[in-house]
Amino acid sequence: MEQTLIILKPDAVSRGLSGEIIKRFEQAGLKIVAGRFQKVDRELAGKHYPADRESFLRGMGQKTLENYEKMGADPVKMLGSKDTLEIGKMIREWLIDYITSAPVLALVLEAPHAVELVRKIGGHTLPLLSPPGTIRGDFAYDSSFLANTAKRAIKNLVHASGSVEEAKYEIPLWFKASEIHAYERVEEKVMR
Ligand code: GDP
Ligand code: MG
């Protein structure tokens with residue numbers, strides 16, 4: 001059994017897509033074991049997107065550079081840097097602004113291979129690369145070009161832990177152990 005954190009980001013909540021998104025996870029057998037609707041403060045947001053996770057920051061920076069190259073745009077002119085870490089730090093600030101801008105719905109989901117399964121259902125970070133049938137592919141209409149030009153995070157509806165290690169770091173940030181509940185879904189009886 002694995003647990004993973006998902007967050008319905010402000011665009012999912014404000015577009016009234018919470019039910020549709022949760023339905024997709026539930027019908028794929030993911031069990032809701034914790035949930036809270038909340039306005040996130042900058043402290044939690046800052047821990048959720050940690051300033052010292054260099055691989056995460058550089059990954060976002062790298063994606064941005066590739067995007068700018070594809071657009072034929074100059075990252076130095078638009079962002080003041082072409083260093084992946086510097087750009088990653090900038091996007092982290094945009095992300096904190098985004099996730100603290102309006103209430104979000106955070107859930108812990110549980111299933112065998114929950115982390116991978118949720119990522120598959122959620123789709124790719126960049127809406128354009130998210131196939132139809134995924135949450136981001138079906139509902140996100142943002143693009144990294146629009147987001148980078150406006151100097152804000154890509155509005156892609158959901159956060160989902162990227163690995164089992166990330167899930168183990170993120171879940172206790174958002175939920176106390178006493179807020180995570182054990183119970184049985186009917187399928188579990190069938191699978192026994
Ligand atoms: P995720 O795990 O698929 O959400 O992607 P990451 O962990 O790499 O990035 C976290 C979030 O940062 C994404 O969901 C986007 O909202 C935002 N983001 C990631 N890459 C970029 C980018 O290149 N430009 C902008 N503007 N936002 C980005
Ligand atoms: Mg991620």
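Residues numbered from 1 in each chain as written. Chains lettered and ligands numbered in written order. Predicted model: local features only at pLDDT ≥ 70, side-chain atom pairs only at ≥ 80, totals over all residues. Heavy atoms only, no water.

## So, the packing of aromatic side chains
Item 1. Counted by the stated rule, this structure contains 1 aromatic pair.
Item 2. Seen from their ring centres, Tyr49 and Phe56 are 6.0 Å apart, and the 10 degrees between their planes marks the pair as stacked.
Item 3. By relative accessible area, which is 5% here, Tyr49 ends up buried.
Item 4. A residue is classified by how much of its surface remains accessible, and Phe56, at 18% relative accessible area, is buried.
Item 5. Lys31 extends its terminal NZ or CZ atom over the ring of Tyr183, reaching a point 5.2 Å from the ring centre.
Item 6. Directly above the aromatic system of Phe56 lies the positively charged group of Arg53, at a separation of 5.3 Å from the ring centroid. (Phe/Tyr/Trp six-rings, centres within 6.5 Å; stacked < 30°, edge-to-face > 60°. Buried < 20%, exposed > 50% of the residue type's maximum accessible area, 1.4 Å probe, protein only. Lys NZ or Arg CZ within 6 Å of the ring centre and 35° of its normal.)

## Focus: the sheet that holds strand β3 (residues 104-111)
Item 1. The 4 strands lie next to each other as β2-β3-β1-β4, forming an open sheet whose pairing is antiparallel. The open sheet terminates on both sides in strands that have one partner only, identified here as β2 (31-38) and β4 (158-160). When strand polarity is set aside, the average angle formed by the axes of neighbouring strands in this sheet is 20 degrees.
Item 2. Bridging between strand β1 (residues 2-8) and β3 involves 7 bridges; their strand directions are antiparallel. Of the residues in β3, the one forming a bridge with Leu5 is Val108.
Item 3. Across the face of the sheet, helix α10 (residues 164-174) comes into contact with β1, β2, β3 and β4 while running at roughly 60 degrees to β1. (Pairing = 2+ DSSP bridges. Helix = DSSP H or I, 4+ residues; strand = E, 2+ residues; numbered from the N terminus. Axes fitted to C-alpha atoms, helices over the stretch in contact; angles between N-to-C directions. Contact = heavy atoms within 4.5 Å.)

## Notes on the side chain of Asn148
Item 1. Tracing the backbone shows Asn148 in helix α9 (residues 144-149).
Item 2. Exposure remark for Asn148: the relative accessible area of 5% places this residue in the buried category.
Item 3. Excluding residues within four positions of it along the chain, Asn148 makes contact with Thr64, Asn67, Tyr68 and Trp94.

## Describing empty space enclosed by the protein
Item 1. Across all of its chains, the model carries 1 cavity of 30 Å³ or more by this definition.
Item 2. In this structure, the largest cavity encloses a volume near 40 Å³.
Item 3. What lines the largest cavity is Val118, Arg119, Gly122, Gly123, Arg136, Val158 and Ala160.
Item 4. Those elements giving two or more residues to the lining of the largest cavity turn out to be α7 (114-122) and β4.
Item 5. Of the residues forming the lining of the largest cavity, the biggest block, 3 residues, is contributed by α7. (1 Å grid on protein atoms, 1.4 Å probe; cavity = no way out; pocket = protein on both sides within 12 Å on 5 of 7 lines; lining within 4 Å. Points joined across faces, edges and corners; volume = space filled by probe spheres on them.)

## Description of the pairing of β1
Item 1. Taking burial as the measure, the 7 residues of β1 include 5 buried ones, the bulk of the element.
Item 2. Pairing of β1 with β4, which is carried by 3 bridges, proceeds in the antiparallel orientation. Bridge assignment links Leu8 to a residue of β4, and that residue is Val158.

## Details of helix α2 (residues 18-27)
Item 1. What α2 keeps buried is the set Ser18, Ile21, Ile22, Arg24 and Phe25. What you see down the axis of α2 is that its buried residues fit within an arc of 155 degrees, all on one side. Exposed and facing more than 90 degrees away from the buried side of α2 are Gly19 and Gln27. (Arc of directions from axis to C-beta.)

## A few points about the site of ligand 1
Item 1. Lining the immediate environment of ligand 1, one finds 17 residues, of which Thr64, Thr125, Arg152, Ile154 and Asn156 sit closest.
Item 2. Within the side chain of Lys9, an N or O atom sits 2.9 Å from an oxygen atom of ligand 1.
Item 3. Within the side chain of Asn156, an N or O atom sits 2.8 Å from an oxygen atom of ligand 1.
Item 4. Applying the majority rule of atoms within 2 Å of the grid points places ligand 1 in the largest pocket.
Item 5. Of all elements in the fold, only α4 (54-71), α6 (84-99) and α9 reach the threshold of two or more residues within the shell around ligand 1.
Item 6. Take the shell around ligand 1: its biggest share by element is 4 residues, from α4.
Item 7. Taken together, the residues of the shell around ligand 1 break down into 8 nonpolar, 4 polar and 5 charged. (Near = heavy atom within 4 Å. Polar contact = N/O pair within 3.5 Å; in protein donor to acceptor, adjacent residues only side chain to side chain. Sits in = over half its atoms within 2 Å of the grid points. Nonpolar A, V, L, I, M, F, W, Y, C, P; charged D, E, K, R; others polar.)

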